[in-house]
Amino acid sequence: MEVVICPSAEDIGRHVADVYEAVLRTEAPVIGLATGSSPLVAYAELIRRHREEGLSFAHASAFLLDEYVGLPATHPESYAAVIRRELTDHVDIDPARVHSPDGTADDLAAECARYDAAIDAVGGVHVQLLGIGTDGHVGFNEPMSSLSSRTRPKTLTQQTRKDNARFFDSVDEVPTHVLTQGLGTIRSAHHLVLVATGEAKAEAVAAAVEGPLSARCPASILQWHPHATVFVDDAAASRLDYADYYRYTLANKPDWQGF
Ligand code: F6R
């Protein structure tokens with residue numbers, strides 16, 4: 001795992017956009033998308049590169065990490081709607097190739113199995129963007145999620161519902177259940193890219209990066225992945241014991257290495 005401490009969110013956005021641009025320039029790119037606040041700087045930079053530098057998404061397929069149960073894709077806070085608003089409506093990706101689990105399906109278990117099969121059918125996700133919850137979740141794999149779980153329904157913790165209440169009129173409107181790619185599904189992506197900014201994420205980042213590999217902190221699965229990159233700002237890095245080493249590594253990073 002590589003931990004990259006950046007001076008600003010904009011720097012993180014540029015690094016993540018570099019990683020995505022390299023994948024988007026391949027023949028049949030499969031990109032994994034997250035919602036929430038953390039990816040927004042990266043999406044803004046990707047949209048800018050599309051508009052100003054001709055970066056194309058025309059051959060890409062995209063898979064979202066998760067979706068609220070009970071919110072149709074037309075609901076403004078469904079993740080299907082959020083990703084259209086924040087990214088895909090602003091680039092040249094085919095909307096039919098932007099996939100998310102359907103949280104209104106009659107048979108949620110069957111919908112989750114269909115979603116995993118759709119990811120497998122395109123050969124897996126090449127690069128998966130991840131935010132991290134204050135409780136260490138990735139996707140919506142809350143603490144004690146199975147480390148090898150596949151896409152399935154999950155119950156949100158009250159903490160996550162409170163954290164996400166800012167997107168709704170009140171915490172009571174935040175759905176209690178979600179469909180989420182499992183930790184095993186996420187781990188099968190070729191490259192995992194986690195983004196975290198702000199002091200509120202510092203404890204979760206420290207647990208994920210330097211704590212034990214444990215279901216207690218689902219994001220710790222990044223330690224078990226052959227290619228995982230963690231981009232954090234100074235505030236989110238503030239509880240990392242090895243911060244000096246990560247800074248030294250970045251300052252001495254050879255040109256040939258890349259992320
Ligand atoms: C969203 C998702 C979540 C968020 C996490 C952090 O698709 O999977 O894991 O990434 O809750 O959210 P923000 O970035 O809003 O702090």
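Predicted model only: the values in this text are computed from it and were never measured.

Peer 1: What should I look at first to understand the site of the ligand in this one?
Peer 2: Taken together, 14 residues are adjacent to the ligand, and Ser-38, Asp-66, His-137, Gly-139 and Lys-201 come closest. A distance of 2.6 Å separates an oxygen atom of the ligand from a polar atom in the backbone of Gly-139. Here an oxygen atom of the ligand and a side-chain polar atom of Arg-166 are 2.8 Å apart. Classifying every residue of the shell around the ligand gives 4 nonpolar, 7 polar and 3 charged.

Peer 1: What should I look at first to understand a nonpolar patch on the surface in this one?
Peer 2: A surface patch of nonpolar side chains, about 410 Å² in accessible area, is lined by Tyr-242, Tyr-245 and Tyr-248. As for its position among the elements, Tyr-242 is in the loop between β10 (228-233) and α8 (243-251). A relative accessible area of 53% means that Tyr-242 is categorised as exposed.

Peer 1: Would you mind going over the side chain of Glu-2 with me for this structure?
Peer 2: Secondary-structure assignment places Glu-2 in strand β1 (residues 2-6). Taking relative accessible area as the criterion, Glu-2 reaches 17% and is therefore assigned buried. A distance of 2.7 Å separates polar atoms of two side chains, one belonging to Glu-2 and the other to Lys-253. Apart from the residues lying within four places of it in its own chain, the contact partners of Glu-2 are Ala-228, Thr-229, Val-230, Lys-253, Gly-258 and Phe-259.

Peer 1: Can you help me understand the side chain of Ser-38 in this one?
Peer 2: Its place among the elements puts Ser-38 in the loop between β2 (30-33) and α2 (40-53). Other than its neighbours up to four places away in sequence, Ser-38 contacts Gly-131, Val-195 and Lys-201.

Peer 1: Sorry if this is basic, but what is going on with the environment of Phe-57 here?
Peer 2: With respect to the element layout, Phe-57 can be found in the loop between α2 and β3 (61-64). Expressed as a C-alpha distance, the spacing of Phe-57 and Thr-180, which sit 123 residues apart in the sequence, is 24 Å. Ignoring sequence-local partners within four residues, the contact set of Phe-57 consists of Leu-24, Ile-31, Leu-46, His-50, Val-91, Asp-92 and Ile-93.

Peer 1: Help me understand the sheet that holds strand β4 (residues 66-68) in this model?
Peer 2: What holds strands together in a sheet is hydrogen bonding between their backbones, with the strands either parallel or antiparallel. Pairing is antiparallel across the open sheet formed by 3 strands, whose spatial order is β4-β8-β7. Either end of the sheet is taken by a strand with one partner, and the two such strands are β4 and β7 (152-155). Here the strands of the sheet are splayed against their neighbours by 30° on average, with no regard to which way each runs. Examined bridge by bridge, β7 and strand β8 (residues 177-180) share 4 bridges and lie antiparallel to one another. By the bridge assignment, Arg-152 is partnered in β8 with Thr-180.

Thresholds applied
- Residues numbered from 1 in each chain as written.
- Predicted model: local features only at pLDDT ≥ 70, side-chain atom pairs only at ≥ 80, totals over all residues.
- Heavy atoms only, no water.
- Near = heavy atom within 4 Å.
- Polar contact = N/O pair within 3.5 Å; in protein donor to acceptor, adjacent residues only side chain to side chain.
- Nonpolar A, V, L, I, M, F, W, Y, C, P; charged D, E, K, R; others polar.
- Patch = residues over 30% accessible without salt bridge, like charges linked within 9 Å, V, L, I, M, F, W, Y side chains within 5 Å.
- Areas by Shrake-Rupley, 256 points an atom, 1.4 Å probe, with all protein chains shown as cover.
- Salt bridge = Lys/Arg side-chain N within 4 Å of Asp/Glu carboxyl O.
- Helix = DSSP H or I, 4+ residues; strand = E, 2+ residues; numbered from the N terminus.
- Buried < 20%, exposed > 50% of the residue type's maximum accessible area, 1.4 Å probe, protein only.
- Contact = heavy atoms within 4.5 Å.
- Pairing = 2+ DSSP bridges.
- Axes fitted to C-alpha atoms, helices over the stretch in contact; angles between N-to-C directions.

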